[in-house]
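# Per-entry structural report
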Amino acid sequence: MNRTTRRRRVRRRPTTRFYIIIGAFALAVILLFTLVLRGPEYQELSEGTMVFENTYPVVLIRDETVYNATNYGHAVFYASEGERVSKGSKIAEVYRWGYNESLFKDLISIQQQIQDYQENVIWRDAVNRDLNTLNSKIAAKMEEIASAVSNGTASDVIALERGLSELLSQKQNFLKNNVKADDQLSRLYSQEQQLKESLASWREDVVADSSGMVSFNLDGHEKVLNPTNMDKLTKGDIQSAKSSTSKITYSSDGTTRPLYRLVNNYTWYCVILAEDSIKEMKKDEKFLMTFEGYLDRPHEGKIIGTRKPEDGGILYFVEIQEDIGPLISVRNAVTTMRKEYTGIKVDKRALFTVDNVLGIKVVKEGATEFMPVTIVFEDETHAIIEAAEDGTVLSGGTKVVLQ
């Protein structure tokens with residue numbers, strides 16, 4: 001008797017993973033049908049404003065010329081830091097290296113003796129109101145100088161010292177004109193004149209070669225960081241200037257040494273050293289610029305060019321045609337650049353790329369038409385755009401497709 005062996009059928013139960021896959025597939029189908037039924041999203045074009053604002057460290061370049069003087073050991077400045085001078089204006093008196101310093105001390109001593117003697121004579125006769133006024137002005141000026149020195153404002157000190165020198169000269173002339181010279185005073189006058197003549201052989205008057213704003217602050221970068229050299233600047237040049245290390249050296253062996261510079265205070269430049277391109281900095285774009293420490297003096301700067309030096313980085317050159325003011329002696333600064341862009345503002349989902357051309361899909365009478373556009377400015381979500389083709393204008397209220 002044959003016995004037939006029957007196999008027992010094993011039934012598999014669906015796993016959790018199976019239900020997850022089925023559920024995800026069903027959800028995808030539902031979403032697809034929802035999107036198909038709902039159709040594309042739209043937006044109407046409208047005017048809007050977007051703002052670019054960023055802060056950069058910059059190196060300043062000035063249109064300036066450095067002038068040398070005979071190598072000197074002592075200088076008396078007649079122009080003050082930041083003063084505008086004309087051609088032929090007296091900048092300073094310099095005394096050649098090796099001059100006899102004791103002559104200066106002797107001259108000051110004699111002049112003090114003359115003044116003391118004159119004042120004793122004039123006070124002996126009567127109280128002099130004019131002399132009182134001069135003495136009060138001199139005392140006030142000396143207090144101003146002391147305050148400027150304590151505050152570290154060197155440019156103010158030079159101007160104040162020049163003012164003090166003028167007051168002392170007025171007092172000297174006043175006393176000389178109002179006190180009759182006796183034998184003792186005549187001897188003092190004679191000694192003073194001899195000392196002046198001795199010092200005159202060491203003295204050289206320095207006058208301005210041209211008009212401009214004068215500055216006595218030099219850092220040795222003036223020759224390299226000059227507008228005529230901007231097309232040759234390297235990353236290393238800018239980094240060297242950023243180090244704030246002065247390249248000026250003085251020696252008694254040389255025949256001349258730098259004394260001052262004349263600056264065209266209405267044309268100057270900022271250089272930005274960037275590792276990557278800054279897309280907003282296109283040629284001829286203008287920005288509002290404010291500098292840290294000088295926020296009350298905003299300037300308008302224009303991008304005039306870029307340079308990619310062989311040693312790396314990208315240099316952006318910004319031209320400013322406004323009075324440089326207190327930045328005349330600043331080499332390194334931090335500036336905030338700001339620009340408002342106004343035009344047709346769109347959600348970036350309205351931008352499509354068709355055959356490598358960027359554009360928008362304009363809805364006209366139920367159909368869509370692709371219109372090439374250019375991005376003027378953009379952030380993560382929105383953009384200011386303009387028509388890329390001549391004769392085409394974007395206007396508010398136009399309906400466009402969103403992705």
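These figures come from a predicted structure and were not determined experimentally.

Conventions adopted
Residues numbered from 1 in each chain as written. Predicted model: local features only at pLDDT ≥ 70, side-chain atom pairs only at ≥ 80, totals over all residues. Heavy atoms only, no water. Buried < 20%, exposed > 50% of the residue type's maximum accessible area, 1.4 Å probe, protein only. Helix = DSSP H or I, 4+ residues; strand = E, 2+ residues; numbered from the N terminus. Pairing = 2+ DSSP bridges. 1 Å grid on protein atoms, 1.4 Å probe; cavity = no way out; pocket = protein on both sides within 12 Å on 5 of 7 lines; lining within 4 Å. Points joined across faces, edges and corners; volume = space filled by probe spheres on them. Nonpolar A, V, L, I, M, F, W, Y, C, P; charged D, E, K, R; others polar. Salt bridge = Lys/Arg side-chain N within 4 Å of Asp/Glu carboxyl O.

What follows covers the pairing of strand E11 (residues 314-320). Extensive coverage of E11 is indicated by the burial of seven of its seven residues. Residues Ile 314, Tyr 316, Val 318 and Ile 320 of E11 are buried on one face, and the alternating residues Leu 315, Phe 317 and Glu 319, pointing to the opposite face, are buried as well. Here strand E8 (residues 256-274) pairs with E11 via seven bridges, running antiparallel. What sits directly across from Val 271, in E11, is Phe 317. Where strand E10 (residues 294-307) lies against E11, six bridges are found, and the strand directions are antiparallel. Residue pairing in the sheet places Thr 306 in a bridge with Tyr 316 of E11. Between E10 and E11, which pair antiparallel one after the other, the connecting turn spans six residues, and Gly 312 there sits at a positive phi close to 105 degrees.

Looking now at the pairing of strand E16 (residues 382-387). Judged from the four bridges that link them, strand E12 (residues 332-347) and E16 form a sheet pairing that is antiparallel. What sits directly across from Ile 344, in E16, is Ile 385. Pairing between strand E15 (residues 367-378) and E16: five bridges, direction antiparallel. Bridging from a neighbouring strand, Thr 374 pairs with Glu 386 of E16. Between the antiparallel neighbours E15 and E16 lie three residues.

Here we take up the layout of surface pockets. Its volume calculated, the largest pocket comes out at about 1,400 Å³. Together, 38 residues line the largest pocket, and Leu 107, Ile 108, Gln 111, Ser 165 and Leu 168 are the ones closest to its centre. Of all the elements in the fold, those that place two or more residues in the lining of the largest pocket are strand E3 (72-77), strand E5 (90-96), helix H2 (101-125), helix H3 (129-151), helix H4 (154-178) and helix H5 (183-200). Tallied by class, the residues present in the lining of the largest pocket amount to 19 nonpolar, nine polar and 10 charged.

Attention now goes to the pattern of salt bridges. This model, assessed by the stated rule, comprises 22 salt bridges. In this structure, the salt-bridge partner of Asp 205 is Lys 90, at a minimum N-O distance of 3.5 Å. Within this pair, whereas Asp 205 is found in strand E6 (residues 203-207), its partner Lys 90 is found in strand E5, the two being separated by 115 residues in sequence. A salt bridge links Arg 349 to Asp 347; the nearest nitrogen and oxygen atoms lie 3.4 Å apart. Of the residues examined, Asp 347 reaches a relative accessible area of 16% and is grouped as buried. Connected through salt bridges with shared partners, the residues Arg 62, Glu 64, Asp 219, Glu 222, Arg 261 and Arg 331 form a single ionic network.

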